Amino acid sequence: MPTPAEIKKALFQAGFEVYRTRGDAVHVAERVRENLLMDSGIVVGAEPLRVGFVVRAQRNDFPGAADEQLFERARGLAEPAVARGYTEGESALRDVRDPGDGERTLDTWCEVQFEKPVASLELAVSEVGFALSLEKTALPR
């Protein structure tokens, strides 16, 4: 199995940006919207070698929707990945707090994590490209 340092090197060589490394997991950077904010919803884990990503539906985008409806909207984004062998891991509610007032909640995100084991570092890099192509946030229609 490759080390996190080897994973980072392979990702850099393939033209991807690394957001951070935590333990055996290398988080891939994504540019969000036109203001170039960085986010990381894609991860390559070293032991075992795997690629994962997170999809979400934000409560502010769907006022009045129940949590389960929001989770289903998020899961719908991952349908192409499920067809490719990804499986659902955990799902969770995440409160987004006001940075100026930690007591105030700005939004709640219903997040679902998906993951796929891969046999080689080359396959991991390929799957990162696929994961980057997916829409990760459900949008109102």
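Residues numbered from 1 in each chain as written. Predicted model: local features only at pLDDT ≥ 70, side-chain atom pairs only at ≥ 80, totals over all residues. Heavy atoms only, no water.

A. Region of interest: the environment of Gly129. Its place among the elements puts Gly129 in helix 4 (residues 121-133). Residue class for Gly129 comes out partly exposed when judged on its relative accessible area of 29%. C-alpha of Gly129 to C-alpha of Leu11: the two residues are 118 residues apart in sequence and 9.9 Å apart in space. (Helix = DSSP H or I, 4+ residues; strand = E, 2+ residues; numbered from the N terminus. Buried < 20%, exposed > 50% of the residue type's maximum accessible area, 1.4 Å probe, protein only.)

B. Geometry of the nonpolar core. Counting 36 residues, the largest nonpolar core has Ile7, Leu11, Val44, Phe53 and Val128 as its most contacted members. Taken together, the elements giving at least two residues each to this core come down to helix 1 (4-13), strand 2 (25-32), strand 3 (37-45), strand 4 (50-58), helix 2 (67-77), strand 6 (101-117) and helix 4. The leading source of residues in this core is helix 4, at six residues. Not counting the four nearest positions on each side in its chain, Val44 is found in contact with Ile7, Leu11, Asp24, Ala25, Val26, Leu49, Arg50, Val51, Ala124 and Val128. (Core = buried A, V, L, I, M, F, W, Y, C linked by side-chain atoms within 4.5 Å. Contact = heavy atoms within 4.5 Å.)

C. View of the pattern of salt bridges. In the structure shown here, the tally under the stated rule is twelve salt bridges. The residue Glu127 makes a salt bridge to Arg84 at a minimum N-O spacing of 3.1 Å. Note that Glu127 is positioned in helix 4 and Arg84 in the loop between helix 3 (79-83) and strand 5 (87-98), a separation of 43 residues in sequence. Glu127 sits in the buried class, given a relative accessible area of 5%. With a shortest N-O distance of 3.2 Å, Glu127 and Lys116 are connected by a salt bridge. Of this pair, Glu127 sits in helix 4 while Lys116 sits in strand 6, and the two are eleven residues apart along the sequence. Each of Glu68, Glu72, Arg75 and Glu88 takes part in salt bridges that share partners, so that together they form one network. (Salt bridge = Lys/Arg side-chain N within 4 Å of Asp/Glu carboxyl O.)

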